[in-house]
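# Coordinate inspection notes
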Amino acid sequence: MKILHIACLAGLLWLTGCATTGPSSPEEGTIGGKPQNTTNASSHTPVIPNGPLKPITAARATSGEVASLSAPADLWDRIRRGFAMPDLQHELVQDREQWYATRPDYMQRMTERSSKYLFHVVEELERRGMPTELALLPYIESAFNPQAVSSAKAAGMWQFMPATGNYFDLKQNAFRDDRRDVLASTRAALDYLQKLYGMFGDWHLALAAYNWGEGSVGRAIARNQKLGLGTSYTDLNMPAETRMYVPKLQAVKNIVANPDAFRTELPLIENHPYFQTVDITHDIDVALVATLAGIREEDFRALNPAYKRPVILAAGTPQVLLPWDNAKVFQRNLEARREGQYASWTVWSVPTTMSVAEAAQRAGMSENDLRSMNNIPPRMLIKAGSALMIPRSTTTRQDVSSHLADNGQLALTPEIVTRRTTVRAGKGETVASIARRYKLAASSVADWNDVRANAAFKLGQQVVVYLPMRQAQARSSNASHTNTGKRQAAAPARRGGTPAKVKRR
C-alpha cells in the first residue's frame, strides 16, 4: 500500500509539471500572432503602455435608436421606421403643414384612396433600400389618383409625361396606358428616382429633377457654381411649383410622423397586401372579370386603371390585380365556367383610310357606337393601319395578337370639307396651271368645268374649283376687299403667273 501511495503521488507531481510547461490552447503563448518562448517564465517581459494608467469608462452609444424587434402595428408605423431622407427646414414647410392640417376632409379622402396601393409601394421601396418617405410622393403628385391627368398631359398616380413614360417602357396605345398601371408606373417611378439620385447624390435635388426635369436642375446647379453660390435645393432658382414640391412632401411626412401634433387622424391601413396578381390566359371582358371575382366593375378599374376599353387583351396584359380575398374567388369561378365566350370585343386593323361611316358599316355597328367605343371625334377620317375595337362575332375563336395588343394605335386625319368656288382665269391660264396654283388634280379641275385636261381658259373666264373650307373662306374674304375698289387679287400670286380674281357663289 505504501508503495502504491508513493506511485500515485509521483504521478500527480508529473501531471502537474506537464500542465505548467506549455500553452493550453493554440492562442496562448502568442503575441500578435507570433510564437513566444514560454518555457522560461523569468524571460517574459510584460507590455506596459506609456504614461499613467487611466480608469476604464463606460462607452456612449452613437448608432441612434435601437431597432425594434416587434412588427409594425400598421403601414403608417412601417413607413415611419423607414424614414431616411434629411428633413427640409424651411418656412414653406410650415405653410404646407398648415394647408394640409386645415383640410381634414381632403386628407381623409386622399389617404383612404391610397390604402389600395400604399403597401405595394412600401414593399418596393424597402426591396430597393430606398427611403420610405418616397411612398408619400403620390400624395403630392396626384393625391394617389391613378386616373389623374395634368394640364401638361402627365398621367397616373406618379404623373408621367408621355415621352418619359415611353423612356421607362410604359406602353401607351389604343387599349391601355401603363402610366396609370399600379405595378408598371411604380416600377418606372422608382427606377427614375434612383437614376436621379445617382445623378445628383441628394434626395431633395432628385425630387426637384423629378418635377422639373434633370436637365433643368443640372443647368440651375451649373449657374450657381459659376456664380460661386450654393447648390442645395433651397439655393437654386426654380419655378414656383418646384420650389413648393419638396416642402409639400416634407409637410406630409411631418403629419404622418406625428398626426396628433396636427390634430389629424390617419385611417388605419393594415400592414399586409391589398391585392394580388391573377393570370389572364384569354381575352376577357372587364365586366366578366368583375362578375367572376364578385366585385364591382369600378373596384376592378380602381386596381387596373390602365385599361381604356371594355376588354382585357391577354397578349398585352397577361395579369390583372384583384383584391386579395377575391382573387381566389375569381380563379375558382373561372375554372367552373364552361359555356359562352370570354370576350365580346376584338380588334380590327383598318386596311385603308376610310370614313367613320364606312368603317362602321364594315364592322357591323352603328357610326355612333363606333365613335363612342374608339373615341373618334367628328370630321375625322380613320387612317390605314388603325386599330379599332369592334364587336367579336360568336364564331371568332382567335384572340388579338401580341403585336396589335402592344402596338395598336388609332390614327386619324381631318376630313377635307370643300366649298364650291369660282376663280377668274388670268392670261394664258390652263387647266394645269389652275390645278398647280390650288394644289388640285388637273383631272378634277377639268371634270368640274367640263373641259379636257389640256384645255386653256380665256382671260377673265370663270373657273369652278372645290377648295378646302378655310382656303375657300380666305378667298371669299379677299373677294370682298376687291369690291371696295382696291382691285386686290383674292388669291396669292402664282409663281411666274398673273393673280386671279375670286368671287364666291
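Everything quoted here is computed from the prediction, not taken from an experiment.

## A word on the overall build of the protein
Looking only at helices and strands, one finds 20 helices and 14 strands in the protein. Here the protein, with 505 residues, has 40% of them falling under the buried criterion. Expressed as a percentage of contacts within the protein between residues at least 6 apart in sequence, the contacts between residues at least 24 apart total 67%. Here the protein has roughly 29,300 Å² of accessible surface; of this, 52% comes from carbon and sulfur atoms.

## Some remarks on helix α3 (residues 91-101)
Residues of α3 that are buried: L92, V93, R96, E97 and Y100. On an axial view of α3, the arc spanned by its buried residues comes to 145 degrees, and they lie on one face. Exposed and facing more than 90 degrees away from the buried side of α3 are E91 and Q98. On its buried face, α3 sits against α4 (104-114), α6 (137-141) and α11 (240-257).

## Structural notes on helix α12 (residues 286-293)
In an α-helix there are 3.6 residues to a turn, and that puts residues three or four apart on one side. With six of its eight residues buried, α12 lies for the most part within the structure. Considered for burial, the residues of α12 that qualify are V286, L288, V289, A290, L292 and A293. Check the buried side of α12 and you find it contacts β4 (284-285), α13 (297-303), β5 (311-312), β6 (319-323) and α14 (324-336). In the stretch just after α12, G294 is the one whose phi turns positive, near 75 degrees.

## Observations regarding the nonpolar core
In this structure, W76, L118, W158, F160, L193, L207 and Y210 are the most contacted members of the largest nonpolar core, which totals 64 residues. Look past the residues within four positions of L118 in its chain and what remains in contact with it is L75, W76, I79, A135, Y139, F144 and I269.

## A look at unusual backbone geometry
The residue D169 is not glycine, and still its phi comes out positive at about 60 degrees. Here D169 is to be found in the loop between α7 (162-167) and α8 (182-200). What makes D169 exposed here is its relative accessible area of 53%. Its identity is not glycine, yet D450 carries a phi of approximately 55 degrees, on the positive side. Looking at the secondary structure, you find D450 in the loop between α19 (442-448) and β13 (462-468).

## Structural notes on the pattern of salt bridges
Counted according to the given criterion, the structure contains 21 salt bridges. Residue E429 is joined to R437 by a salt bridge in which the shortest nitrogen-to-oxygen separation is 1.8 Å. Residue R437 is classed as buried on the basis of its relative accessible area of 15%. One network of salt bridges, in which partners are shared, links R78, E123 and E126.

## A few points about the side chain of H204
The residue H204 is located in helix α9 (residues 203-212) in this model. Exposure remark for H204: the relative accessible area of 9% places this residue in the buried category. In this structure, H204 is in contact with M85, P86, D87, L88, Y233 and V246, ignoring residues within four places of it in sequence.

## As for the packing of aromatic side chains
All chains considered together, the criterion is met by twelve aromatic pairs. Ring centres of Y117 and F144 lie 6.4 Å apart, and the angle between their planes is 5 degrees; on these two criteria the pair is classed as stacked. Taken together, the residues Y117 in the loop between α4 and α5 (118-128) and F144 in the loop between α6 and α7 connect sequence positions 27 residues apart. Here Y117 matches F144 in class, with each residue buried. Ring centres 4.8 Å apart and planes at 70 degrees place the aromatic pair Y139 and F144 in the edge-to-face group. Note on Y139: relative accessible area 3%, which makes it buried. Take F144: its relative accessible area is 0%, and that puts it in the buried class. In this structure an aromatic cluster arises from ring pairing among F160, Y167, F168, Y192 and Y210.

## Quick notes on the packing of α5 against α8
Close contact between α5 and α8 brings their axes to 11 Å; oriented N to C, the two are set at 35 degrees. The way α5 lies across α8 gives a crossing that is right-handed. Mapping the contact onto sequence places H120, V121, E124, L125 and R128 in α5 and L183, T186, R187, L190, D191 and Q194 in α8. Of the residues belonging to the contact of α5 with α8, the class tally is four nonpolar, three polar and four charged.

## A closer look at the sheet that holds strand β9 (residues 380-382)
Read across the open sheet, the three strands follow the order β8-β9-β11; overall the sheet is antiparallel. A single partner strand is all that each edge strand has here, and the edge strands are β8 (354-355) and β11 (412-414). Alignment of β8 against β9, held across two bridges, turns out to be antiparallel. Its bridge partner lying in β9, M354 is registered against I382.

## Some remarks on the side chain of R96
For R96, the location among the structural elements is in helix α3. Apart from residues no more than four positions distant in its own chain, R96 is found in contact with M244, P247, K248 and A251.

## Overview of the pairing of β6
Among the five residues of β6, four are classified as buried, and the element is accordingly described as predominantly covered. As judged from the five bridges shared by strand β3 (residues 275-279) and β6, these two strands associate in the antiparallel manner. Among the inter-strand pairings, D279 is bridged to a residue of β6, identified as Q319.

Rules used in this analysis
Residues numbered from 1 in each chain as written. Predicted model: local features only at pLDDT ≥ 70, side-chain atom pairs only at ≥ 80, totals over all residues. Heavy atoms only, no water. Helix = DSSP H or I, 4+ residues; strand = E, 2+ residues; numbered from the N terminus. Buried < 20%, exposed > 50% of the residue type's maximum accessible area, 1.4 Å probe, protein only. Contact = heavy atoms within 4.5 Å. Areas by Shrake-Rupley, 256 points an atom, 1.4 Å probe, with all protein chains shown as cover. Arc of directions from axis to C-beta. Core = buried A, V, L, I, M, F, W, Y, C linked by side-chain atoms within 4.5 Å. Salt bridge = Lys/Arg side-chain N within 4 Å of Asp/Glu carboxyl O. Phe/Tyr/Trp six-rings, centres within 6.5 Å; stacked < 30°, edge-to-face > 60°. Axes fitted to C-alpha atoms, helices over the stretch in contact; angles between N-to-C directions. Left-handed = near helix turned anticlockwise from the far one by under 90°. Nonpolar A, V, L, I, M, F, W, Y, C, P; charged D, E, K, R; others polar. Pairing = 2+ DSSP bridges.

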